[in-house]
2 protein chains.
Amino acid sequence: MYTRPLARLIEHLQRLPGIGPKTAQRLAFHLLRRPKSEALQLAQALVEATEQIGVCSRCFNLSAEDPCDLCRQPGRQGEMICVVAEPRDLVAIERTREFKGHYHVLGGLINPMEGIGPEQLRIKELLQRVGTDTVKEVILAINPSTEGEMTTMYLSKYVKVLGPRVTRIAFGLPVGGDLEYADEMTLARALEGRREI
Amino acid sequence: MYTRPLARLIEHLQRLPGIGPKTAQRLAFHLLRRPKSEALQLAQALVEATEQIGVCSRCFNLSAEDPCDLCRQPGRQGEMICVVAEPRDLVAIERTREFKGHYHVLGGLINPMEGIGPEQLRIKELLQRVGTDTVKEVILAINPSTEGEMTTMYLSKYVKVLGPRVTRIAFGLPVGGDLEYADEMTLARALEGRREI
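Since this is a predicted model, take the numbers as computed values, not measurements. (Residues numbered from 1 in each chain as written. Chains lettered and ligands numbered in written order. Predicted model: local features only at pLDDT ≥ 70, side-chain atom pairs only at ≥ 80, totals over all residues. Heavy atoms only, no water.)

Visitor: A description of the pattern of salt bridges should follow, citing residues and the corresponding values.
Guide: As enumerated under the stated definition, the model contains 18 salt bridges over all chains in all. As a salt-bridge pair, E38 of chain B and R34 of chain B come within 2.9 Å of each other at their nearest N and O atoms. R34 of chain B sits in the partly exposed class, given a relative accessible area of 39%. With a shortest N-O distance of 2.7 Å, R189 of chain B and E149 of chain B are connected by a salt bridge. Of the two residues, R189 of chain B is situated in helix 8 (residues 184–192) and E149 of chain B in helix 7 (residues 146–160); the sequence distance between them amounts to 40 residues. The class of R189 of chain B is partly exposed, set by a relative accessible area of 22%. Because the salt bridges share partners, they merge into one network encompassing E65, D69 and R72 of chain A. (Salt bridge = Lys/Arg side-chain N within 4 Å of Asp/Glu carboxyl O. Buried < 20%, exposed > 50% of the residue type's maximum accessible area, 1.4 Å probe, protein only. Helix = DSSP H or I, 4+ residues; strand = E, 2+ residues; numbered from the N terminus.)

Visitor: I'd like to hear about the relation of the copies chain A and chain B, residue by residue, with values.
Guide: Mapping chain A onto chain B calls for a rotation angle of 180 degrees and an axial translation of 0.0 Å; the resulting RMSD is 0.1 Å. Expressed as an axis order, the relation between the two copies is that of a two-fold axis. The C-alpha atom lying nearest the rotation axis in chain A is that of A43 of chain A; the distance is 2.1 Å. The fraction of interface residues of chain A whose copies in chain B are also interface residues reaches 100%, indicating that both copies meet through the same surface. (Least-squares fit on C-alpha atoms with pLDDT ≥ 70 in both. Contact = heavy atoms within 4.5 Å.)

Visitor: Kindly report on the packing of aromatic side chains, identifying the contributing residues and their values.
Guide: All names here are of chain B. In this structure the tally under the stated criterion is six aromatic pairs over all chains. An angle of 65 degrees between the planes, with centres 5.2 Å apart, marks the rings of F99 and Y103 as edge-to-face. Neither F99 nor Y103 differs from the other in exposure class; each is buried. (Phe/Tyr/Trp six-rings, centres within 6.5 Å; stacked < 30°, edge-to-face > 60°.)

Visitor: Could you give an account of the sheet that holds strand 3 (residues 77–84) of chain A, with specific residues and numbers?
Guide: Where strands meet in a sheet, backbone hydrogen bonds hold them as pairs that are either parallel or antiparallel. Residues and elements named next belong to chain A. The strand order across the open sheet built from four strands is 4-3-5-6, with neighbouring strands paired in parallel fashion. Strands at the two margins of the open sheet, each flanked by one partner only, are strand 4 (101–105) and strand 6 (165–168). Neighbouring strand axes in the sheet, compared pairwise and without regard to direction, differ in orientation by 25 degrees on average. Here four bridges tie strand 5 (residues 137–140) to strand 6, and the two strands are oriented parallel to one another. Within the sheet, the bridge partner assigned to V138 lies in strand 6 and is V166. Set on the sheet, helix 5 (residues 87–96) makes contact with strand 3 and strand 4; between it and strand 4 the angle comes to about 160 degrees. Here helix 6 (residues 123–132) sits on the sheet and contacts strand 3, strand 4 and strand 5; the angle it forms with strand 4, its principal contact strand, is near 155 degrees. (Pairing = 2+ DSSP bridges. Axes fitted to C-alpha atoms, helices over the stretch in contact; angles between N-to-C directions.)

Dropping the structure here:
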């Protein structure tokens, strides 16, 4: 049905998450209709990203440099470390422009079902940073899932003994959300986290 | 926020149709989490598709060979040509396994608003094929849009004078569809196209 190189392109596009056969076909046809340079630039970007991006040896964020931009930024306060599971969580926090400390990317969450224990994550490295740096607060920005809760418990226990405050981001009603439609867990968390006004 | 090669990859992924910033970010992070070979194979597939795929000089379908596989297939009847606007329409027809003739890809539809006249499409080439080959029937498999209707009118006029039957695929209630929810245009077409049983 497809000429061979087209079939191969569709097949590879289909391996991407959320891209089914229809979408893969649409993307492939789109690329072939556009000027050749577009597909070649995408190919080039893929190769460069793959070959140049590694992880920062301090915070373990994805980076082409070591240490990464965020670790080298002079305006950032070393006494706060925000701990996230994945680079995408770091990006979400950075987007708020509210946090001016350093980050630490765990590379996942503790998940015994999948055989991921604390040793598989960058927890040892976090504890080393907390131990040597002048860290005053460790903020855990970790999803409130079962694995997230487990990881949060584990971290808070081992970080606290090293001295710094351990805090966790607030869970509650999202801004723009509606009490009526909020699920029980979210509302329970919102109640639990209530504050004096 | 992103290390440079990552920003570039996300930017290029975002140029694809239906891929917004969130999806582009997700795809990029996915690719960086997988073994390097995956991204490199995708890049390779992009380069090969771009460099090897052209159009068949007979039917103008996308093809790495000329003439294309479909034009060379021995079982296909040369007396029928199915005319489609785009390669994706050809794929849709091929998927039915119901058509055993040849194809002709116009490369678009007549669209005066966008300055696309009959000269911009492979209509001259179609008329040449119809004139020289032993074509008995030309099936127009063209969407029932304004541009599709215009193109269908134009083609039927010029093909008919060369001798062959000109037919058009049927429009009506889709299989699995429901009379109650069908739009008026579809139902009108279904009525109009009614057949003796």
